[in-house]
Amino acid sequence: MDNDRSRYIYHLDSIRIKKKITVDEMCNEICSDRQYRKYLSGINNISDKRIMEFCNRLSISARDFYYSINEKDLYDYQIVRNLYYKICNKKYSKVTKSLDKLSKRDNLNNQNTRFYEYCKTRFLSEKKQLRKEDAYRQYSVIVDYPNCIKNNAFDSVDVITILCIAHIEIKVQIEDAMKLLIRILNDRNILYLSAENKNILPPIYSSVSIMLGKLEKYQECIRIADNGVEYCIKYSLNKSLSRIYYSRAITYKKLDFIDKAEFNAALCFSNVLSRNNTKETNYFFKLLSKDFKQDPFRLISKNKDYFIQKDSNKKGPNS
């Protein structure tokens, strides 16, 4: 059965039950009881004409029917999105309950189903309850990978799923998914569902730049990181900036551009401090101290002139 058609008949039947209308009353002079059961079981798809007839029987307008089903989809989406952020923030104790709640919800639309499957797979993988090989297979089903490489349109679920595939592939020296992400970042016209783009693109920039750095593709790493910084600043998204600055700092250090490396390390730690997150501050303090063999606060102080920019013609080390 077509997924949307399945949602339509289940939603109609849900309204029927709430209105305390029997199946016989619902079907009277519209279709047989047997036919109605075939709609519900998925044997037959319900037509638009039949939907209108049932709406009339239920005394609701077509507009109200479609609005209510879209409202349900939006509500479902909010639940899955909250689950996604719990996983991102590693609030695992709350994830299991949310997964159980979603598994009991009737008739998620296709997009919410894919998003839910992604969350479930990522959670089980991060909790070591799913082998990498099995997670890879499940991610591939969600986005039809590698067939999707030929696509010219990707949504938010596609992108976060492809990122997980890239993380797994890169460990065995496969770069196909990472190259696809670079193509998406280079041509955002092929990325749709723009309402979510601002939330998903910053971590994609940071992850891809870090992967490129590990592969010693330094120039491409810097280019992606530069684009990520520009994007985050443009939309005031500072959460991923710390990792992007860090990626750029380490890459410049490996290229022996020490001034640029230390300047980006200072930018990284300054951004961390602005977020006022103790755990994150401690993490980057230790990381930068180890990488640059000095106190990150000293790095900020050393680059004070670049931050203040007293001379309007003066440019920072990145220029």
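Bear in mind the structure is a predicted one, so any value in this text is a computation, not a measurement.

Rules used throughout
- Residues numbered from 1 in each chain as written.
- Predicted model: local features only at pLDDT ≥ 70, side-chain atom pairs only at ≥ 80, totals over all residues.
- Heavy atoms only, no water.
- Helix = DSSP H or I, 4+ residues; strand = E, 2+ residues; numbered from the N terminus.
- Rg over C-alpha atoms; globule rule 2.2 N^0.38 Å.
- Contact = heavy atoms within 4.5 Å.
- Areas by Shrake-Rupley, 256 points an atom, 1.4 Å probe, with all protein chains shown as cover.
- Lys, Arg positive; Asp, Glu negative; His and termini not counted.
- Charge placed at Lys NZ, Arg CZ, Asp CG, Glu CD.
- Phe/Tyr/Trp six-rings, centres within 6.5 Å; stacked < 30°, edge-to-face > 60°.
- Buried < 20%, exposed > 50% of the residue type's maximum accessible area, 1.4 Å probe, protein only.
- Lys NZ or Arg CZ within 6 Å of the ring centre and 35° of its normal.
- Core = buried A, V, L, I, M, F, W, Y, C linked by side-chain atoms within 4.5 Å.
- Patch = residues over 30% accessible without salt bridge, like charges linked within 9 Å, V, L, I, M, F, W, Y side chains within 5 Å.
- Salt bridge = Lys/Arg side-chain N within 4 Å of Asp/Glu carboxyl O.
- pLDDT = per-residue confidence, 0-100.
- Expected span 1.5 Å × (residues − 1).
- Arc of directions from axis to C-beta.

**Q** Lay out the overall build of the protein with the relevant residues and their values.
**A** Counting secondary structure elements, the protein contains 17 helices and zero strands. Rg of the C-alpha trace for the protein: 25 Å, well past the compact-globule value of 20 Å for 319 residues, more than 25% over. Each of the three principal axes of the protein carries a C-alpha extent, and together these read 80 × 40 × 40 Å. For the protein, the share of sequence-separated contacts (at least 6 apart) that also reach a separation of at least 24 residues comes to 61%. Looking at the protein as shown, the accessible area adds up to about 17,600 Å², and 49% of this sits on carbon and sulfur atoms. Between the mean site of the 58 positive side-chain charges and the mean site of the 39 negative ones, the protein shows a separation of 5 Å.

**Q** Can you lay out the side chain of Thr251 for me, pointing to particular residues and giving the numbers?
**A** With respect to the helices and strands, Thr251 occurs in helix 13 (residues 241–254). Sequence-distant contacts of Thr251, that is, excluding residues within four places in its chain, are made with Tyr218, Cys221 and Ile222.

**Q** Help me get a handle on the packing of aromatic side chains, residues and values and all.
**A** Scanning the model with the defined rule gives 21 aromatic pairs in all. For the ring pair Phe269 and Phe285, a centre distance of 6.1 Å and an interplane angle of 50° mean the geometry is tilted. On the criterion of sequence distance, the pair formed by Phe269 in helix 14 (residues 258–275) and Phe285 in helix 15 (residues 278–292) is long-range, its members being 16 residues apart. When its relative accessible area of 0% is taken as the criterion, Phe269 is described as buried. According to the relative accessible area criterion, Phe285 is partly exposed, its value standing at 30%. Here a set of aromatic residues connected by ring pairs shows up, and it is made of Tyr77, Tyr84, Tyr85, Phe115, Tyr118 and Tyr139. The lysine or arginine in question, Lys260, covers the ring of Phe257, its NZ or CZ lying 5.4 Å from the ring centre.

**Q** Tell me about the nonpolar core, residues and numbers included.
**A** Ranked by internal contacts, the top residues of the largest apolar core, which has 77 residues, are Phe115, Tyr118, Phe154, Ile162 and Val208. Looking at this core, the element that brings in the most residues is helix 9 (residues 156–170), giving 10 residues.

**Q** So what's going on with a positive patch on the surface? Residues and values would help.
**A** A contiguous patch of positive charge on the surface is contributed by Lys128, Lys132, Lys171, Lys214, Arg243, Lys253, Lys254, Lys290 and Lys293. Ranked by residue count, the leading element in the positive patch is helix 13, at three residues. Structurally, the position occupied by Lys290 is in helix 15.

**Q** Now, about a nonpolar patch on the surface: what can you tell me, with residues and values included?
**A** Taken together, the side chains of Leu273, Phe285 and Phe297 present a nonpolar region at the surface, about 240 Å² in accessible area. Relative to the helices and strands, Leu273 is located in helix 14.

**Q** Got a sec to walk through the environment of Lys18? Specific residues and values, please.
**A** Here Lys18 shows up in helix 1 (residues 3–18). A relative accessible area of 67% means that Lys18 is categorised as exposed. Taking the C-alpha atoms as reference points, Lys18 and Val229, 211 residues apart in sequence, are found 51 Å from one another.

**Q** Any chance you could break down the confidence of the model for the protein for me, citing the residues and the numbers?
**A** With 94% of its residues at a pLDDT of 70 or more, the protein shows a mean pLDDT of 89. At the low end of the mean pLDDT range in the protein sits helix 1, at 82; at the high end sits helix 8 (residues 132–143), at 97.

**Q** So what about the side chain of Asn264? Which residues, and what values?
**A** Take Asn264: it is sitting in helix 14. Those residues in contact with Asn264 that sit more than four places away from it in its chain are Tyr245, Arg248, Ala249, Tyr252 and Asn318.

**Q** Explain helix 12 (residues 218–234) residue by residue, including any values.
**A** With 17 residues, helix 12 should reach 24 Å at 1.5 Å per residue; the first-to-last C-alpha distance of 24 Å fits that figure. Every buried residue of helix 12 is accounted for by Tyr218, Cys221, Ile222, Ile224, Ala225, Gly228, Val229, Tyr231 and Cys232.

**Q** Which residues make up the pattern of salt bridges, and what values do they have?
**A** Evaluation of the coordinates by the stated rule reveals 16 salt bridges. We note a salt bridge from Glu53 to Lys49, for which the minimum N-O separation is 2.7 Å. Placement of the pair is Glu53 and Lys49 together in helix 4 (residues 48–57), with a separation of four residues, close to one helical turn. In this structure Lys49 comes out as exposed when scored by relative accessible area, which is 55%. In this structure, Asp134 engages Arg137 in a salt bridge whose closest nitrogen and oxygen atoms are separated by 2.2 Å. Note that Asp134 and Arg137 are positioned in helix 8 at a spacing of three residues, about one turn of the helix. Each of the salt bridges in this network shares a partner with another, and the network as a whole consists of Lys49, Arg50 and Glu53.

**Q** If you had to explain unusual backbone geometry to someone new, which residues and values would you point to?
**A** Excluding glycine, residues mostly have negative phi values, and the peptide bonds linking residues are mostly trans. Residue Pro146 is reached from Tyr145 by a cis peptide bond, and omega for that bond is 10°. Note that Pro146 resides in the loop between helix 8 and helix 9.

**Q** Help me get a handle on helix 3 (residues 33–41), residues and values and all.
**A** For helix 3, the full list of buried residues reads Tyr36, Tyr39 and Leu40. Considered in projection along helix 3, the buried side chains sweep an arc of 95° and stay on one side of the axis. Gly42, located one to two residues past helix 3, shows a positive phi value of around 95°.

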